[in-house]
Amino acid sequence: MNDFAENTEAVPGDPAQQLLDALRADGPTALAELLGDQGFLLVELATEPGGLFSPAPDSSVQYSAVIRRLQEQRAAMDALEARCMVALADALRDEDRAAAQADAAHEPDAVEPEEDTDRRADRAAAREVSMSTRRSPDLASRTLASARRLVESMPTMLRALATGRLSESAVRTMAASVAPLSPTQREQVDALLGTRLAALDGCGTEEWKGAVSAAIAASDAEGESRRHEHARGTRSVTVRRGEHGMAVVSARLPALDAMKIRKRLSLEAERLRASGDRRGHQQIQADSFIATLLGAEDGMDRTDLDIGVIITDRALLHPGQGELAHIEGYGPIPVEAVGQELAGPLRELALSTGRTIAADGASGPPAGAGSPGLDPLATETVGLDDALGADASAVRLALRRLYTHPTTGELVAVDSVAREFPRALARFIRWRDVTCRGPFCNAPIRHSDHIRPYAAGGHTCLDNGQGLCAFCNDKEQQTASVERSTDSAGHQVTWTSRTGTVRTTGPTALTGPLVDPPPGTPAPPEPPPPSDEQAQRAVEENLDVDGEPCSADDSGSHSDEHSDDEPD
């Protein structure tokens, strides 16, 4: 235990009360030290428990008591964290206001509006919370906003959270629901829900949401239409990674439209099941959803969708070896998940080059040839349209050769004749980074960012570029520095927050680490090394727009942005 905790125990009186008084007087540093001591003890017990968790006769009641105490402590920590987040944001606001006043000491009219200063400070606070708690920046921003509503307007709910009467998820959804209300109305909702806590003690999430909605309606009955219009403005569709090559598509829609979609899909599933379809009800709904949106049925026009699929030559030639494919903006999936999609176009491509393609998309040697064929990824798409004829627009497959780092598995170069930034390089950055490179951020890439600004001498090249979302692209206002890290292999970027938290991010590795195979495993065939011409071309493609090599030393602390939302 540290000196602070030891000194408080020597004071006469109730030790717990004396400790509380000392913490309140000595400020956040003393609280951080106490939490550090407690955290150390808990980590040691969790990792080296000894016989603590070896069940003894009649010990179930004791373990149940430990779980209850842990839940009580977790609840108190959640409430304490909410207060600390608000205090952090307020401290950053005060610091930024003072800095703005100092910058305009002799020009009072030049001081920026306080609302703009506070907005910038709140974004910096969200970045601090994100880097400290390993939340995504978006979740950190929403958590900070909810914490402010709780601390400033809803003391009853905050106390219910601290004492474990409400879970953190229930309080978070409630705080998000009262966002459109005024502080006074939030206080009314707080009081109404406080009177119902005993009755709602064992309720589920749906009943709790209903109680929150009723309290909101009671506090502002005339604002229901306004709140609905506000909520309609949050309509959205999101795609999240699933397991084993699947994904989850979520749509935030008006309730009536959502129920119409549900009923439409359900009726279609019942119709097909009644006609003898052996698929499950949910499977039919999912298949109908895909077919309708992609235009395969129901009269919608078929359209070409440009989605990047990155797959190694080893996986393409020899599926089933454990290699993964990567979908642009999504991440790794089993090769089998895209094999059928690639089989048709590859077969047509092979016909134009005299090669054979297996049913699973694997490539073989030219028909009648006794020697192995060339790597299909080395084959350009010259003549592909002629081979496909009228169906070319529907099944066109563009093949590009990509190069990965020998140890990290990151993309490092692309075989392409285009140099214009951001069109070709921006897409390559999206392939390499997959999702936003901000710490703990999972958002789609929206901008190709210069790690070191172009105006400060940064080159427009792969080494000085990273893919960021719109929020993280504002990092120069949120962090102390963002720099290329040269201490480790690969394209590593070090982010340092204004309070000194350091996180390092890197791109997604598209191939597995180099490991020795188990004894007796036959060695897979190695692809031929690139020719001198191919290697030279790869080196040339890693030049900046002026033809100068991009050095790993070209790093910096700020960035400018280049939107790459326009189609390639």
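With that out of the way, let us pick up the overall build of the protein chain. Looking only at helices and strands, the protein chain features 19 helices and 15 strands. Among the 568 residues that make up the protein chain, the fraction classed as buried is 35%. Put simply, of all contacts in the protein chain between residues at least 6 apart along the chain, 57% involve residues at least 24 apart. Of the roughly 33,000 Å² that the protein chain leaves accessible, carbon and sulfur atoms contribute 54%.

The next thing to look at is the packing of helix H4 (residues 60-103) against helix H6 (residues 137-153). Between H4 and H6, whose axes approach to 8 Å, the crossing angle comes to 100 degrees. As judged from the angle between their axes, H4 and H6 are roughly perpendicular. When H4 is examined against H6, the residues Ala 82, Arg 83, Met 85, Val 86, Ala 89, Asp 90 and Arg 93 are found in contact with a partner set consisting of Thr 143, Leu 144, Ala 147, Arg 148 and Val 151. A class-by-class count of the residues in the contact of H4 with H6 yields seven nonpolar, one polar and four charged.

Glancing now at the environment of Arg 484. Tracing the chain through its elements places Arg 484 in strand E12 (residues 479-485). It is 9.8 Å that separates the C-alpha atoms of Arg 484 and Thr 505, two residues lying 21 residues apart in sequence. At a separation of 2.8 Å, a polar atom in the side chain of Arg 484 contacts the side chain of Asp 463. Here the side chain of Arg 484 touches Gln 492 through a polar contact of 2.8 Å, landing on its backbone oxygen.

A word on the pattern of salt bridges. This model, assessed by the stated rule, comprises 22 salt bridges. Two residues, Asp 122 and Arg 93, come together in a salt bridge whose shortest N-O distance is 2.8 Å. Here Asp 122, found in helix H5 (residues 114-133), pairs with Arg 93, found in helix H4; they are 29 residues apart in sequence, far enough to count as distant. In this structure Asp 122 comes out as partly exposed when scored by relative accessible area, which is 21%. Residues Arg 279 and Asp 277 are paired through a salt bridge, measuring 2.7 Å at the closest nitrogen-oxygen approach. Using a relative accessible area of 18% as the deciding quantity, one classes Asp 277 as buried. Here the salt bridges share partners, and the residues they tie into one network are Asp 90, Arg 148 and Glu 152.

On to the packing of aromatic side chains, then. One pair of aromatic rings is described through two measures. These are the centre distance and the angle between the planes. Under the definition given, this model contains one aromatic pair. With a centroid separation of 6.3 Å and 25 degrees between ring planes, the pair formed by Phe 53 and Tyr 63 is classed as stacked. In this pair, Phe 53 sits in the loop between helix H3 (28-47) and H4 while Tyr 63 sits in helix H4, placing the two residues ten residues apart along the sequence. Residue classification places Tyr 63 among the partly exposed residues on the basis of a relative accessible area of 24%.

Turning our attention to helix H2 (residues 15-26). Because each turn of an α-helix spans 3.6 residues, side chains separated by three or four positions in sequence point in the same direction. Between the first and last C-alpha of H2 there are 16 Å, a value that for twelve residues agrees with the 16 Å anticipated at 1.5 Å per step. The backbone nitrogen of Ala 16 lies 3.2 Å from a side-chain oxygen of the residue at the head of H2, namely Asp 14. A positive phi of about 90 degrees marks Gly 27, the residue just after H2.

Turning to the packing of H4 against H5, a few remarks are in order. Packing of H4 against H5 leaves a shortest axis separation of 8 Å and a crossing angle of 135 degrees. Here H5 runs oblique to H4, going by the angle between their axes. Seen along the crossing, H4 lies across H5 with a hand that is right-handed. Contacts between H4 and H5 involve Glu 81, Met 85, Leu 88, Ala 89, Leu 92, Arg 93, Asp 96 and Arg 97 from the first element and Glu 114, Thr 117, Asp 118, Arg 120, Ala 121, Asp 122, Ala 124, Ala 125, Glu 128, Val 129 and Thr 133 from the second.

Ranked by size, the top nonpolar core spans 22 residues in total, and within it Met 157, Met 174, Val 189, Leu 193 and Trp 208 carry the most contacts. The element contributing the most residues to this core is helix H10 (residues 205-219), with five residues. In this structure Trp 208 touches Met 157, Leu 166, Ala 170, Thr 173, Met 174, Leu 193, Leu 200 and Cys 203, once residues within four positions along its chain are discounted.

Let's shift gears to the environment of His 230. Summarising the element assignment, His 230 is placed in helix H11 (residues 224-232). Assessed through its relative accessible area of 48%, His 230 is described here as partly exposed. Along the chain, His 230 and Pro 180 lie 50 residues apart, while their C-alpha atoms are 7.6 Å from each other.

Position of Ser 146 among the secondary structure elements: in helix H6. Setting aside chain neighbours within four positions, we find Ser 146 in contact with Arg 172, Ala 175 and Ala 176.

Let's shift gears to the confidence of the model for the protein chain. The pLDDT averaged across the protein chain works out to 74; a share of 66% of its residues lies at or above 70. Confidence over residues 356-397 falls short of pLDDT 50; this stretch has 80 contacts with residues more than four positions distant or in other chains. Low pLDDT (under 50) marks residues 414-420, which in the prediction has 19 contacts with non-local residues, meaning those over four places away or in another chain.

Let us now look at the state of the cysteines. This model, assessed by the stated rule, comprises zero disulfides. Among the cysteines around Cys 472, which has no disulfide bond, Cys 436 carries the closest sulfur, lying 3.6 Å off.

What follows deals with the sheet that holds strand E13 (residues 492-497). Consider a sheet: its strands pair through backbone hydrogen bonds, and that pairing is either parallel or antiparallel. Strands sit in the order E12-E13-E14 across an open sheet of three strands; the sheet is antiparallel. What marks the edges here is a single partner per strand, and that holds for E12 and strand E14 (502-505). The sheet shows a mean angle of 20 degrees between the axes of neighbouring strands, taken without regard to direction. Relative to E14, E13 runs antiparallel, the two being bridged by four bridges. For Trp 495, the partnering residue across the bridge sits in E14 and is Arg 503. In the packing of H5 onto the sheet, contacts are made with E12, E13 and E14, and the angle to E13 comes to roughly 120 degrees.

Calculation rules
- Residues numbered from 1 in each chain as written.
- Predicted model: local features only at pLDDT ≥ 70, side-chain atom pairs only at ≥ 80, totals over all residues.
- Heavy atoms only, no water.
- Helix = DSSP H or I, 4+ residues; strand = E, 2+ residues; numbered from the N terminus.
- Buried < 20%, exposed > 50% of the residue type's maximum accessible area, 1.4 Å probe, protein only.
- Contact = heavy atoms within 4.5 Å.
- Areas by Shrake-Rupley, 256 points an atom, 1.4 Å probe, with all protein chains shown as cover.
- Axes fitted to C-alpha atoms, helices over the stretch in contact; angles between N-to-C directions.
- Parallel < 35°, antiparallel > 145°, perpendicular 65-115°, else oblique.
- Nonpolar A, V, L, I, M, F, W, Y, C, P; charged D, E, K, R; others polar.
- Polar contact = N/O pair within 3.5 Å; in protein donor to acceptor, adjacent residues only side chain to side chain.
- Salt bridge = Lys/Arg side-chain N within 4 Å of Asp/Glu carboxyl O.
- Phe/Tyr/Trp six-rings, centres within 6.5 Å; stacked < 30°, edge-to-face > 60°.
- Expected span 1.5 Å × (residues − 1).
- Left-handed = near helix turned anticlockwise from the far one by under 90°.
- Core = buried A, V, L, I, M, F, W, Y, C linked by side-chain atoms within 4.5 Å.
- pLDDT = per-residue confidence, 0-100.
- Disulfide = S-S within 2.5 Å.
- Pairing = 2+ DSSP bridges.

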